[in-house]
Amino acid sequence: MEESAHQVTELVTGIVLLMLVAALTTIVSKRIDKVPLTILLVFVGMMISMGHVYMGTLGVLANFHLTPELVLFVFIPTLIFESAFNLDARQVSRNIWPILTLAIPGLLLSTAIIGLIITAFTEFDLMEALLLGAILSATDPVAVISIFKQLGVPERLTILVEGESLFNDATSLVLATLLLSILVSGEFSTGVVLAGAGNFLVVFFGGVLVGWMLAIIVGYTLGGIESDPAIEITLTTILAYFAFIIAEHVFHVSGIMAVVAAGLVIGSWGKSKISPSTSEFMEHFWEYLAFLANALIFVMVGLQIDLIALWNSVDLIFFVVIAMLVSRAVIIFGCVPLLSRLPGSESIGLPFQKVMYWGGLRGAIALAIVLSLPPFDYKDTLVAVVMGAVLFTLVVQGLTIEVLVKFLGLDALSAPDNLARLEGDKNARQEGLLRLSSLVSGGMFSQRIADNIREKCERNLAELEREIAILHESMGEVEKVTILSMRCLAREKARVYELFSKGLINEWAFRELDSTISVQLDDVRHKGFMPTADIKMSVGKAMDLFVIRVLEAVPGFAAFVERLRTSRIIRDYDVAWGRYRNANSVLQNFEHLVGETDAGGSVAEKVHAVYEGILATSKLQIDEVADLYPEFVETMQEQLGQRLLLVAEHESVEHAAELGMIKEGIAGKILKDQVARLRQLKQDNISAAFEIEVSELLRKLPLFKGLEEEFNTIGSYLRPRTVPKGTAIIKQGQDGDSMFLIARGIAHVLIEEGGVVSQVATLYAGDFFGEAALLHSAPRNATAVAATPCSLYELRQHDLHRLMDNYPLIKKAVEEVDASRKNLNSQVLGDGEG
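In this report, we go over the structure that sits alongside the text. Model, not experiment: these values are computed from the prediction. (Residues numbered from 1 in each chain as written. Predicted model: local features only at pLDDT ≥ 70, side-chain atom pairs only at ≥ 80, totals over all residues. Heavy atoms only, no water.)

1. Side note on the overall build of the chain
The secondary structure content of the chain amounts to 34 helices and eight strands. Residues counted as buried form 49% of the 834 residues belonging to the chain. When contacts within the chain are restricted to residue pairs at least 6 apart in sequence, those whose partners lie at least 24 apart make up 79%. Accessible area of the chain: about 40200 Å², with a carbon and sulfur share of 60%. (Helix = DSSP H or I, 4+ residues; strand = E, 2+ residues; numbered from the N terminus. Buried < 20%, exposed > 50% of the residue type's maximum accessible area, 1.4 Å probe, protein only. Contact = heavy atoms within 4.5 Å. Areas by Shrake-Rupley, 256 points an atom, 1.4 Å probe, with all protein chains shown as cover.)

Next up, the structure:
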């Protein structure tokens, strides 16, 4: 018992001392700008390993070993999740082909090249050399990414380097496991290779599926929690570790890919599920965990390095390093340029390729794999070789990557960023000058000192204005339009998050608007487009439409599908309202956004006109819904008023608590009550405002004139259906088994003939359509599209025939309208041919 307690004491003491070493080394690294922190930590670890012989107190640290279990089950989930969580999933999807090419076929090719070179120049046989190649093909760019952040390199380069590392870690681990099983069993044949390839795909993509499913579950759980940082952060921590453990030990698929998928999902779709008040805590928490994991790993890497063993294997390490560099060159300079020929792929320039080549460092994953190998003849040699290769990449490549980035000019700010930096500096100095007089009057310092400070500030301002003027002269009108458009979109992005954080738009509208603005930012930056009022189809919306289409064909789901359709109109209204507020915010702050970008005014006029158009389009969408569904809009406005009131109350209580006017406990209870009221507000059933009395519809239809006493009977045959704007209600050429009656909204009737689409009619409330297919048992002869949100009633074929049999007046009216429409369609098509 005492021995166990002593071991626990030593373990805790060792961990605390390692954290102390990491903290002290971090402080030193901030003073030594030229040496990345990770490399400095390795050096410190090596010094401790060598110094414990002379200083017994260092023995506690020197006895710590970097075990594969420690890396894979403690450090890797944290590092992988944090990296994936902070990656822009949309940017990853834009660059998915080069990332996957480098991570899967690229890593396989790298393994083969390293294996062949090692086999040719050393005593390793082919399988052992291939195993070494698989281990050393996994990149670990922690040191490189930290340098990228300091230098401000282009975002795409960071995405490519970090994305490759995330995905090829899993590939390397799976491939090394397969090669090891072949090496141990001694069986190598075409069948074994094919089975291994199939197993690899199952393990790789199975991990993705497990991580995605767990992230969806955790995401919806987070969505039900209001402003509770402790629970929300705990859930993401559980997700990071459970994704790895469940994937590895329950489903026997890639735990790393499960964590990658979970991190990407929570970092993109799931961010709208995290309470805005928790978001900043969440980012700081994962940033700290990643720092701690990286610091401890690299200190222990240094502790693990045996310089004597490295020296004894220096000849092997030399050939291994050459093989790594050659294989990396073939992958980057041979395969990456070919990717630009794929449809939809963006080319990767030579400067980016050079940094990707030299930035392919090796690290913790390679060490974890080699240390986890079972005992066999060459294991100790492999461990020494991998240690040497990792040390080479960290020291040689890690210390020179910054020089390469600067030499290639990738650290240079773009024109928009440089202009923003100069104008930001200028505005800050002007604000300082404005406050100078009040500081003097407050007795902070004398007038003479103030005059000296003012003179220096004015000189600096004059220099800044000169630099800004030179930058403006170097830019053309197109570049100025791009800069101003990007500023306006950035303002929109900030505004939409502000609306979401205050509960003024729902998470669906936030995701749609955030996705749209991000896509438009890319289009402005890379393609020279202007901002538009169009709302891009997000992945979430596409999935929603897919679910509706699938469930429409499933019996018993009609009511649920109708609720989904109604919720789409509510969400579209929220999106239009949010875009309207965004555009209005841009126009109100337009002079500030323009700054000195446009001395002549023509650029500002163009962008201002664009945002006036966005404002008008958004207002038109809002007004359309207001005209058709006044009850719904009134309900929405009442709910919005209550939300605004709750936001004001919340801010007032928080401010009073900060001033000490309300005790913390009392303030907490009030805030908790406000959160409960806000949650209840979100749960209110707004869709009820779309419900329309059947009798209201039947009175509008000439079809049912004179049948007022039969409205209840007729109404029993009608099924309500709500359709969002832009939805095709029926499609030309499809079989039809129902017709539709318009209660509210407008629909366009379109006919396609010879590849040309013609609009033949516009239908309003009180009209019906789709009867031709039922009367003639023929495919639909036209397409009907909702020009506005529409509330319809659907009448099935057998119900229509029943009504026509029971009510001759209905039969006569339907047949007359059908004949009239057939004549109109033939006239329109005839005119088109003429």
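2. Some details on helix H25 (residues 558-588)
Between its first and last C-alpha atoms H25 spans 45 Å; for 31 residues at 1.5 Å apiece the expected length is 45 Å, and the two agree. Counting buried residues along H25, 22 of its 31 residues qualify, which places the element largely inside the surrounding structure. (Expected span 1.5 Å × (residues − 1).)

3. Description of the sheet that holds strand E4 (residues 747-753)
Sheet architecture is open: four strands sit in the order E2-E7-E4-E5, paired in antiparallel fashion. Since the sheet does not close on itself, it has two edges, and those belong to strand E2 (728-730) and strand E5 (756-763), each with one partner. The average angle at which neighbouring strand axes cross in this sheet is 35°, direction not considered. Bridge count between E4 and E5: seven bridges; the pairing is antiparallel. When the sheet's bridge partners are listed, Glu753 is paired in E5 with Val756. (Pairing = 2+ DSSP bridges. Axes fitted to C-alpha atoms, helices over the stretch in contact; angles between N-to-C directions.)

4. Concerning the nonpolar core
Residues Phe81, Ile135, Phe148, Leu157, Phe167, Ile256 and Val386 are the most contacted members of the largest nonpolar core, which totals 143 residues. Per-element tally for this core: the top contributor is helix H10 (residues 155-185), with 15 residues. Dropping the residues within four chain positions of it, Phe148 is found in contact with Val153, Leu157, Thr158, Val161, Val355 and Val405. Residues Trp508, Ile614, Phe632 and Leu640 belong to the second largest nonpolar core, which totals 43 residues. (Core = buried A, V, L, I, M, F, W, Y, C linked by side-chain atoms within 4.5 Å.)

5. Details of the packing of aromatic side chains
Enumeration according to the criterion identifies 15 aromatic pairs in this entry. Linked through ring pairs, Phe81, Phe85, Phe285 and Trp286 together constitute an aromatic cluster. (Phe/Tyr/Trp six-rings, centres within 6.5 Å; stacked < 30°, edge-to-face > 60°.)

6. A few points about the packing of helix H12 (residues 229-249) against helix H13 (residues 255-267)
Contact geometry of H12 with H13 gives a least axis separation of 7 Å together with a crossing angle of 150°. By the criterion of interaxial angle, the relationship of H12 to H13 is roughly antiparallel. Crossing geometry of H12 relative to H13 is assigned as right-handed. When H12 is examined against H13, the residues Thr236, Leu239, Ala240, Ala243, Phe244, Ala247 and Glu248 are found in contact with a partner set consisting of Gly255, Ile256, Ala258, Val259, Ala262 and Ile266. (Parallel < 35°, antiparallel > 145°, perpendicular 65-115°, else oblique. Left-handed = near helix turned anticlockwise from the far one by under 90°.)

7. Some words on the packing of H10 against helix H17 (residues 350-358)
Relative orientation of the contacting elements H10 and H17 amounts to 35°, with a least axis distance of 11 Å. Viewed along their axes, H10 and H17 form a crossing whose handedness is right-handed. For the pair formed by H10 and H17, the contact residues are Arg156, Leu157, Leu160 and Val161 on the first element and Phe352, Val355 and Met356 on the second. Here the residues of the contact of H10 with H17 sort into six nonpolar, no polar and one charged. (Nonpolar A, V, L, I, M, F, W, Y, C, P; charged D, E, K, R; others polar.)

The values are spatial; any link to function lies outside them.
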